[in-house]
Amino acid sequence: MVSIVFAGVGGQGVITVAIMVGRAAVAEGKNALMTELHGMAQRGGRISVEVRIGDYKSAIIPTGSADALVAFEELEAVRNISKLKEGGIVLLNRRRIHPVSMTIRLQNYPEDIVEERLGRVNKVDVDADQVALNLGNKKVANTVMIGALYSTGILGINEESLVSAMKESLPEKHWAVNMQAFEEGKKLTGLSVANIA
Amino acid sequence: MVLEPLLGPEGRTEFLLGNEAVARGIYEAGVSVASTYPGTPSSEIGDVLYRTSAQMGIKFEYCTNEKVALEVAAAASAGGLRSFVFMKHVGLNVAMDSFVSLSGSGVKGGMVVLSADDPSMHSSQNEQDNRFLGKFAKVIVVEPSSPQELKDFILYAFDLSEEVGHPVLVRSVTRISHIRAPVRLGKAREKNSWGYRRNTSYVLMPENAYAAQASIADRIERAASSRFREAFDSSYGESPTLIITSGAAYNYIDEALEMLNVRARILKIGMSFPLNRERVMEEIGKAQRVVFVEEGGPFIEEQVLALCALNSIKKEFYGKMNGFVPTSYEMDVDRTAGFLSKIFGIEMDVKKDESIVPRREPVLCPGCPHRATYYVARMAMKQAGIRNPIAPTDIGCYTLGYYEPYQLGDFCLSMGSSVGSSSGFAMNSTEKVVSFIGDSTFFHAGIPALVNAYHNNHNFVLVIMDNSVTAMTGGQPTPETSPPFRRVDIESVVRGIGIKNVFVMDPYDLKNSLETFKKALRSDDLAVVISRRECALEADRKRSPADAKVFTINQDKCNQCYNCVKNFSCAAFYTEDGKVYIDGELCDGCSVCSEPLVCPFNAIEVKD
Ligand code: SF4
Ligand code: SF4
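Residues numbered from 1 in each chain as written. Chains lettered and ligands numbered in written order. Predicted model: local features only at pLDDT ≥ 70, side-chain atom pairs only at ≥ 80, totals over all residues. Heavy atoms only, no water.

1. Some points on the overall build of chain B
If you tally the helices and strands in chain B, you get 19 helices and 22 strands. A globule of 608 residues ought to have a C-alpha radius of gyration of about 25 Å, and chain B, at 27 Å, matches this closely. Its C-alpha atoms give chain B principal-axis dimensions of about 80 × 65 × 60 Å. With 608 residues in all, chain B has 60% of them scored as buried. Excluding contacts between residues fewer than 6 apart, the proportion of contacts in chain B whose partners are at least 24 apart in sequence is 80%. Seen as two clouds, the 64 positive and the 74 negative side-chain charges of chain B have centres 3 Å apart. (Helix = DSSP H or I, 4+ residues; strand = E, 2+ residues; numbered from the N terminus. Rg over C-alpha atoms; globule rule 2.2 N^0.38 Å. Buried < 20%, exposed > 50% of the residue type's maximum accessible area, 1.4 Å probe, protein only. Contact = heavy atoms within 4.5 Å. Lys, Arg positive; Asp, Glu negative; His and termini not counted. Charge placed at Lys NZ, Arg CZ, Asp CG, Glu CD.)

2. Considerations on the site of ligand 1
Taken together, 13 residues form the shell around ligand 1, and within it Cys558(B), Cys561(B), Tyr562(B), Cys564(B) and Cys599(B) come nearest. Across the shell around ligand 1, the residue classes break down as eleven nonpolar, two polar and no charged. (Near = heavy atom within 4 Å. Nonpolar A, V, L, I, M, F, W, Y, C, P; charged D, E, K, R; others polar.)

3. Examining the interface of chain B and chain A
Each partner contributes to the interface: chain B provides 66 residues, whereas chain A provides 63 residues. In total, chain B and chain A occlude about 5,500 Å² of area from one another, counting both sides; carbon and sulfur atoms represent 57% of this. Counting the contacts that link chain B with chain A gives eight salt bridges. Remark: the boundary between chain B and chain A carries 18 residue pairs in polar contact (both at pLDDT 80 or more). Taken together, the elements giving at least two residues each to the side of chain B that touches chain A come down to strand S1 (13-17), helix H7 (174-177), strand S8 (179-184), helix H9 (253-260), helix H12 (333-344), helix H19 (563-568) and strand S20 (573-576) of chain B. When strand S2 (residues 32-36) of chain A meets S8(B), the two strands line up antiparallel, connected through two bridges. Bridge pairing in S8(B) places Met34(A) opposite Arg180(B). (Buried area = accessible area lost by both parts, 1.4 Å probe. Salt bridge = Lys/Arg side-chain N within 4 Å of Asp/Glu carboxyl O. Polar contact = N/O pair within 3.5 Å; in protein donor to acceptor, adjacent residues only side chain to side chain. Pairing = 2+ DSSP bridges.)

4. Considerations on the site of ligand 2
Taken together, 13 residues form the shell around ligand 2, and within it Cys570(B), Cys587(B), Asp588(B), Cys590(B) and Cys593(B) come nearest. In terms of residue class, the shell around ligand 2 is made up of nine nonpolar, three polar and one charged.

5. Section: the environment of Asn31(A)
Along the chain, Asn31(A) falls in the loop between helix H1 (14-27) and S2. Linking Asn31(A) and Arg52(A), residues 21 residues apart in sequence, is a C-alpha distance of 8.3 Å. Leaving out residues up to four positions away in the same chain, Asn31(A) has contacts with Arg52(A), Ile53(A), Gly54(A), Tyr56(A) and Pro182(B). A polar contact of 3.2 Å, which involves the side chain of Asn31(A), links it to the backbone oxygen of Tyr56(A).

6. What to know about the sheet that holds strand S17 (residues 501-505) of chain B
Strands in a sheet are paired, the pairing made by backbone hydrogen bonds, and the direction either parallel or antiparallel. All names here are of chain B. Pairing is parallel in the open sheet, where four strands are placed in the order S15-S16-S18-S17. With partners counted over all chains shown, the strands left at the sheet margins are strand S15 (434-438) and S17, one partner each. Across the sheet, the axes of successive neighbouring strands diverge by a mean angle of 20 degrees, strand direction being ignored. With five bridges connecting them, S17 and strand S18 (residues 527-532) associate as parallel partners. In the sheet register, Val 502 faces S18, and the bridge partner there is Val 528. Packing of helix H15 (residues 439-455) onto the sheet brings it into contact with S15, strand S16 (461-466) and S18, and relative to S15 it is tilted by some 130 degrees. (Axes fitted to C-alpha atoms, helices over the stretch in contact; angles between N-to-C directions.)

7. Section: the nonpolar core
The tendency in soluble globular proteins is for nonpolar side chains to be buried as a group. All names here are of chain B. By size, the foremost hydrophobic cluster in this structure holds 105 residues, and its most contacted members are Leu 49, Phe 84, Leu 114, Ile 244 and Leu 340. Sort the elements by how many residues they give to this core and helix H6 (residues 147-164) lands first, with eight residues. Looking at this core, you find at least three residues from each of domain 1 (4-230) and domain 2 (233-344). Non-local contacts of Ile 244, meaning those with residues more than four positions away in its chain, are made with Leu 267, Ile 269, Ile 284, Val 290, Val 291, Phe 292, Val 293, Ile 300 and Val 304. (Core = buried A, V, L, I, M, F, W, Y, C linked by side-chain atoms within 4.5 Å. Domains from an automatic or database assignment.)

Below, the structure is given as structure tokens:
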């Protein structure tokens, strides 16, 4: 049984990542639930997706009980931190997307809030955007995140299931670069599957 | 290969969105006709059908509004076909006129209406509980709890509807329609064949309507005792405490009870109107106390309490009507554990997160033509000396014009209300009325209101923000979409009413748009500005990556006047230590910010 929050900003592909994880679990015959919220904005609004694998009925994760928070954006990591259980892990993509209401007031990105709140938890930085750029395709940042999440071992699903779920969701011409991104992601957390699972 | 899981073979289990399960469900149920007007949280049903309905053998169409959609489906059902119409909760208000009569007419082919309610208003103007509308219209109401049940209940609902000759309302909510879960695919049934025969009940003139009333009661009674009723309700657990629940609220109870370490017997109601009275009374008879846990209003609670009163049954009751269970917002495990703990008399420590996180308001996309329209509108009004415009707005992405810095959005009740309310404001106010509506919303409910404004001599400026797509719900077609459909031209519609002051502008061209807008403001009669430019997301989908451009700020030229961030305010701009930047990942390359009317110093340039 595992509960994971995926958080980010509309347009970052947060939902796509969560679907792949859920599909992989279902392909293994597991129960998986996912809840996604679409706010009013098509792009740029906050997005959080919750995925639970195991014998659950509620897709919404109770406060303080998520095993992991996979954040695609720093402020959104902070916004969702209350869902994380004690000792839970945060995978943080170092990406900052400035809220427009702060920009209008010429405010800087609220770095101090991010550092202060995330400094207290078990956090692993994943520079997914940079890795993706190095691979020559910034769109595969999400797949880097999946790789990183997989390497923590908390998913409890096989690599093969994840890989085939990814392939089912992607046109064949994008398979190679996504597999590379997945492999790169796996290296990023410095954790080994055996340690945790 | 990207798979189409919805057309998979019987027996496969797929990870489906509730709305996708609905589409699969109607395919399995042998539906021939489906119709809708897009609305979140029901939109994806249409997205799927738009893609796959031909393969499913379903005639599917996007209608101009929910009332039309319901009538399209009702006619198909009168001809013996199974038909399905779906909408967001407030859409049922639009369809209500025909919906109420439908229960009088009855149906021939099974007919199911799905309403996706939105407790907590994630993307809506209210959280009305449409089970009450179902009962009000005397339509059978069923409420699934999960994507699998959405699919299953739709099958049972069609069978029931056809058996008793009565429409069924399926009530979903955001946390069912937008949940993903494993769904086991079943077999697709054969479809009914067309066989329309005249029937007096299809024409509800007073004489026929009088007779229909009696038959409604009869059909509801038959539904209450139908063999299908067993398919909807379930119960389990041993305890003197009975929890009567339904819909999404059900999903949170087991985990909440576990959290509190207490037990209860659960009666999960799937058909909440008409109730299976014998079963409910039997369960209540065995219980010491009864707790009602529903999302929305006390729908089942009121009916059960009425039954208990009639049968002189006294128990301890806990629900919304005596304040133990909250009446607003969606449920979850935390909330459910919270009120159950009080009912069970258990102390619970509530974890509170004190930190304040800066808000992230929803915003118009980078490159959105609405931003340019609002920017021009503000500037034109300022130059025309209009300080305090009254700006009714409407339902769509452009409602975001309400936020800073545009702040053009003063009044918005429902689809099309910008135009109707403009008549009311213009009739009474001395301030200039400038209102905003999108193309899809204009077709949906704006046209009759504009006819009213012209006919009754009201003077205001209506801006139709025409991006040729239903954007907020994910880019569905509109009456302007062509081919394969026939294009309805907004300008011809407006001119056809008789309105003379019609102005068309391309909002990306700020300079000319400003002049056009000022002309419209100066006209002393009803004026319509059609601000026409394709939705940025649609344009993105069509553009080849090679043509993508990104803009950047030339810091040597930037004078830090901040006009771009404070007044134009593209979501791709940001500032750090007083310097303005453009986030290259977000910039859509629309180039509007590089026009002198945004940056007077020509500091915004294409990045090479
Ligand atoms: S409008 Fe031009 S000069 Fe003014 S702050 Fe923006 S980029 Fe700089
Ligand atoms: S070109 Fe300018 S206005 Fe257009 S998306 Fe980029 S930053 Fe925004």
